[in-house]
Amino acid sequence: MHITIRVPATIANLGPGFDILALAVQLQNEIEAWSEPEGGISIDPGPDSPEELRDPARNLIARAFVAACADARVDPPGARISCRNAIPFGRGLGSSAAAALSGVLAANALANLGWDEQQVIARAAEIEGHPDNVAAAMLGGMVICVRDGPVAQVPVPDELRAVLFVPDGEMSTEAARRVVPYSFSREEAIYNASRCALLVTAMLTGRLDLLGEAMRDRWHQPARSELMPHLPLLIDAALAAGAHGACLAGAGPSVLALCTGETEAVASAMAAAARLAGVNGHPVTHPVRNFGARVDLSP
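Here the structure is a predicted model, which is why all the values come from computation and not from measurement. (Residues numbered from 1 in each chain as written. Predicted model: local features only at pLDDT ≥ 70, side-chain atom pairs only at ≥ 80, totals over all residues. Heavy atoms only, no water.)

**Let's talk about the pairing of strand β8 (residues 245–248)**
No. 1: The sheet contact formed by β8 and strand β9 (residues 255–259) spans four bridges and is antiparallel. Opposite Gly-245, over in β9, you have Leu-258 as the bridge partner.
No. 2: Here β8 folds back onto β9, and the loop between the two strands holds six residues, one of which, Gly-250, carries a positive phi near 60°. (Pairing = 2+ DSSP bridges. Helix = DSSP H or I, 4+ residues; strand = E, 2+ residues; numbered from the N terminus.)

Structure below.
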């Protein structure tokens, strides 16, 4: 059997929605996998990937493949896996979630596990550590993740564009999570909860004029700005140039602006602000994506 898996990049948190909200965009990794009758797992991590990722024990796709089979109590079938990676590592665009989901989807197909979408999301999220990026990559659109509850998908307006400033340097997700406070005041809780509700409303109703206020946050972004001082500068520049809303992309260091027009002006403004902050990188623009991962099978 031969399968091709296409998994989109995703942007989590979206301002106030820390570990709750995520959005899929039109940038994807493509993984091909073949059944290997002789057994074992071999993996080609793709051009420009670290050589160490050829080791299945160190490659998240291969590890997720094996873990999914173990969870289903079946022996991992032999597999040969080849990757074409477009999602940059360590930039807040869901690269690790895409890898974990790809491995679980490959196991689901090659080992015939029979898992549905929610089961695939649950297993990949367990491997990844949190569900938001995984769920958006699987379902597309914007997702709302409920701890110990279901994942809901909200289609987003097709005209939305994600303008991203992607710094050259990586940011460790673990480091970015360590600085986020475990508690905050009632006032801050109300502030963030109300803006999460406003953000979902904006997407459902197409009231994109609400995004500027809806994407404000008093929890993780202020803390992470200490690690990434360029963040408030780029957010302000994006809004001034015409973006509907802006925020940190996932755990960073990339910054997201949501636009319907003025994408070139917003990209230029973010790049200029980054230069003033001494941050090297480049802007990119991608449409939002209202569909998730795709698995194509052939004999």
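**Digging into the packing of helix α2 (residues 95–110) against helix α3 (residues 117–128)**
Any two packed helices are characterised by the angle at which their axes cross and by the distance between the axes.
No. 1: Running from N to C, α2 and α3 cross one another at 135°; their axes reach a closest spacing of 9 Å. With respect to their mutual orientation, α2 and α3 come out oblique. The chirality of how α2 crosses α3 is right-handed. Facing Ser-96, Ala-97, Ala-100, Leu-101, Val-104, Leu-105 and Asn-108 of α2, the residues of α3 in contact are Val-120, Arg-123, Ala-124, Ile-127 and Glu-128.
No. 2: Considered class by class, the residues forming the contact of α2 with α3 number eight nonpolar, two polar and two charged. (Axes fitted to C-alpha atoms, helices over the stretch in contact; angles between N-to-C directions. Parallel < 35°, antiparallel > 145°, perpendicular 65-115°, else oblique. Left-handed = near helix turned anticlockwise from the far one by under 90°. Contact = heavy atoms within 4.5 Å. Nonpolar A, V, L, I, M, F, W, Y, C, P; charged D, E, K, R; others polar.)

**What to know about the packing of aromatic side chains**
No. 1: Within the structure shown, the criterion is met by two aromatic pairs.
No. 2: Their ring planes at 70° and their centres at 4.9 Å tell us that Phe-18 and Trp-219 sit as a pair that is edge-to-face. Here the residue Phe-18 occupies a position in strand β2 (residues 17–35), and Trp-219 occupies one in the loop between α7 (211–214) and α8 (220–224), the gap between them amounting to 201 residues.
No. 3: Owing to a relative accessible area of 8%, Phe-18 belongs among the buried residues under this scheme.
No. 4: Here Phe-184 and Trp-219 contribute two aromatic rings whose centre-to-centre distance is 4.9 Å and whose plane-to-plane angle is 65°, an arrangement assigned as edge-to-face. Separated by 35 residues along the polypeptide, Phe-184 in the loop between α5 (173–178) and α6 (186–205) and Trp-219 in the loop between α7 and α8 bring together distant segments of the chain.
No. 5: Members of the aromatic cluster, joined through ring pairs, are Phe-18, Phe-184 and Trp-219.
No. 6: One Lys or Arg, Arg-80, reaches over the ring of Trp-34 and ends 4.4 Å from the middle of that ring.
No. 7: Here the basic side chain of Arg-195 rests over the ring of Tyr-191, its NZ or CZ set 3.6 Å away from the ring centre. (Phe/Tyr/Trp six-rings, centres within 6.5 Å; stacked < 30°, edge-to-face > 60°. Buried < 20%, exposed > 50% of the residue type's maximum accessible area, 1.4 Å probe, protein only. Lys NZ or Arg CZ within 6 Å of the ring centre and 35° of its normal.)

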